[in-house]
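Residue-level listing of the chains:
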Amino acid sequence: MNSPHLLERLRRLRVVPVVTLPDVRQAAPLGEALLEAGLPVAEITFRSEAARDGIAALRLRHPDLLVGAGTVLDRATVDRALDAGAQFIVAPGFNPDVVDHCLRLNIPVVPGVNNPTGIEAALARGLSLVKYFPAEASGGLRLLDAMAAPYGRMSFMPTGGVTPDNLGDYLSRPCVAACGGTWIAGSSLLAEGDFAAIAGNARRAVEIAAARSGAVAAS
């Protein structure tokens with residue numbers, strides 16, 4: 001199953017920066033920027049050769065940072081991610097082989113879904129958190145609302161097309177634990193080494209999440 005501890009942490013953090021590192025040397029300053037902004041979490045995707053070493057570097061240099069592995073497509077990548085120190089696994093789709101391997105290893109896994117069949121496959125395995133992906137391309141909030149209605153036990157992490165403009169709307173849904181955000185540490189910012197801008201984006205995400213939490217609490 002998903003770790004209740006992970007779900008609780010994500011519900012507190014509300015936003016997960018989704019990062020594709022072009023170079024392992026960027027891991028340490030990335031971690032510093034996120035911690036400075038008050039967003040101590042990152043999902044490092046296996047879309048680059050630097051992923052494994054980047055996860056290891058983040059775990060070594062920034063032990064207070066919650067570090068997950070994303071774009072995990074097979075069991076071998078699960079093993080590589082765990083060997084590097086990843087604390088949770090995220091997949092773009094629902095691959096039973098990947099999910100079952102994580103469950104056997106007792107590592108939290110967040111598979112991707114965008115239809116009721118995927119949600120039911122997750123529920124059948126005792127999962128309580130899935131990644132709604134690609135969120136905007138699949139139908140955005142309209143589809144999320146429709147899917148979430150029959151599945152009150154399921155929480156979602158929308159990712160894909162989530163931006164500062166719609167982040168608050170996603171976070172307003174009780175079914176949403178957190179949102180994945182690729183804009184926070186985008187490829188151009190990483191290529192330029194602009195970690196001040198990355199910290200600024202992370203800080204803005206934290207502000208949006210806090211404002212939404214305040215609005216929900218007041219309602």
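Everything below is about the structure printed above this text.
Parameters at a glance
- Residues numbered from 1 in each chain as written.
- Predicted model: local features only at pLDDT ≥ 70, side-chain atom pairs only at ≥ 80, totals over all residues.
- Heavy atoms only, no water.
- Axes fitted to C-alpha atoms, helices over the stretch in contact; angles between N-to-C directions.
- Helix = DSSP H or I, 4+ residues; strand = E, 2+ residues; numbered from the N terminus.
- Parallel < 35°, antiparallel > 145°, perpendicular 65-115°, else oblique.
- Left-handed = near helix turned anticlockwise from the far one by under 90°.
- Contact = heavy atoms within 4.5 Å.
- Salt bridge = Lys/Arg side-chain N within 4 Å of Asp/Glu carboxyl O.
- Buried < 20%, exposed > 50% of the residue type's maximum accessible area, 1.4 Å probe, protein only.
- Pairing = 2+ DSSP bridges.
- 1 Å grid on protein atoms, 1.4 Å probe; cavity = no way out; pocket = protein on both sides within 12 Å on 5 of 7 lines; lining within 4 Å.
- Points joined across faces, edges and corners; volume = space filled by probe spheres on them.
- Polar contact = N/O pair within 3.5 Å; in protein donor to acceptor, adjacent residues only side chain to side chain.
- Phe/Tyr/Trp six-rings, centres within 6.5 Å; stacked < 30°, edge-to-face > 60°.
- Lys NZ or Arg CZ within 6 Å of the ring centre and 35° of its normal.

**Description of the packing of helix α4 (residues 75–84) against helix α5 (residues 96–105)**
Then, number 1: As a packed pair, α4 and α5 sit with axes 9 Å apart at the nearest point and diverge in direction by 40°. Classified by the interaxial angle, the pair formed by α4 and α5 is oblique. In this structure, the crossing between α4 and α5 has a hand that is right-handed. Taken together, the residues of α5 that come into contact with α4 (itself represented by R75, V78, D79 and L82) are D97, V98, H101, C102, R104 and L105.

**Notes on the pattern of salt bridges**
Then, number 1: The final tally for this structure, using the stated rule, is 9 salt bridges.
Then, number 2: With its nearest N and O atoms 3.2 Å apart, the salt bridge here joins E36 to R203. Linking E36 in helix α2 (residues 27–36) with R203 in helix α11 (residues 195–218), this pair joins segments that are 167 residues apart in sequence.
Then, number 3: A relative accessible area of 57% places E36 in the exposed class.

**Some remarks on the sheet that holds strand β7 (residues 129–132)**
Then, number 1: Pairing is parallel across the open sheet formed by 3 strands, whose spatial order is β6-β7-β8. Of all the strands in the sheet, just β6 (112–113) and β8 (155–158) have a single pairing partner and so form its edges.
Then, number 2: Where β7 lies against β8, 4 bridges are found, and the strand directions are parallel. Directly across from V130, in β8, lies its bridge partner F156.
Then, number 3: Helix-sheet contacts for helix α8 (residues 140–148) involve β7 and β8, and the interaxial angle to β7 is about 150°.

**Section: the layout of surface pockets**
Remark: the empty space left among the atoms is shown by a probe the size of a water molecule rolled over them.
Then, number 1: Roughly 240 Å³ of volume is contained in the largest pocket.
Then, number 2: If you trace the largest pocket, you find 19 residues lining it, with V18, T20, T45, R47 and T182 closest to the centre.
Then, number 3: Looking at the lining of the largest pocket, the elements with two or more residues in it are β1 (15–19), β2 (41–45) and α10 (187–192).

**Regarding the environment of A177**
Then, number 1: Mapped onto the elements, A177 comes out in the loop between α9 (167–171) and β9 (179–181).
Then, number 2: Separated by 70 residues in the primary sequence, A177 and I107 place their C-alpha atoms 18 Å from one another.
Then, number 3: When residues no more than four places from it in sequence are discounted, the contact partners of A177 are L7, L10, R11, R14, L129, S155 and F156.

**Side note on the side chain of T45**
Then, number 1: When you line up the elements, T45 lands in strand β2.
Then, number 2: Taking the relative accessible area as the measure of exposure, T45 reaches 2% and is therefore buried.
Then, number 3: Of note is the side chain of T45, whose polar atom sits 2.6 Å from the side chain of T20.
Then, number 4: Setting aside its immediate chain neighbours within four residues, T45 contacts V18, V19, T20, A51, G70 and T71.

**Re the sheet that holds strand β3 (residues 66–70)**
Then, number 1: Within the open sheet, the 6 strands sit side by side as β5-β4-β3-β2-β1-β9. Their pairing is parallel. Two strands bound the open sheet, and with one partner strand each, they are β5 (109–110) and β9.
Then, number 2: Direction of pairing for β1 relative to β2: parallel, over a ladder of 2 bridges. Residue V19 lies in a different strand from β2, and its bridge partner there is I44.
Then, number 3: Of the strands in this sheet, β1, β2, β3, β4 (88–90) and β5 touch helix α1 (residues 4–13), which is tilted by about 100° from β3.

**Quick notes on the packing of aromatic side chains**
Then, number 1: Counted under the stated rule, the structure contains 0 aromatic pairs.
Then, number 2: Stacked on the ring of F133, the Lys or Arg K131 has its end atom at 4.5 Å from the ring centre.

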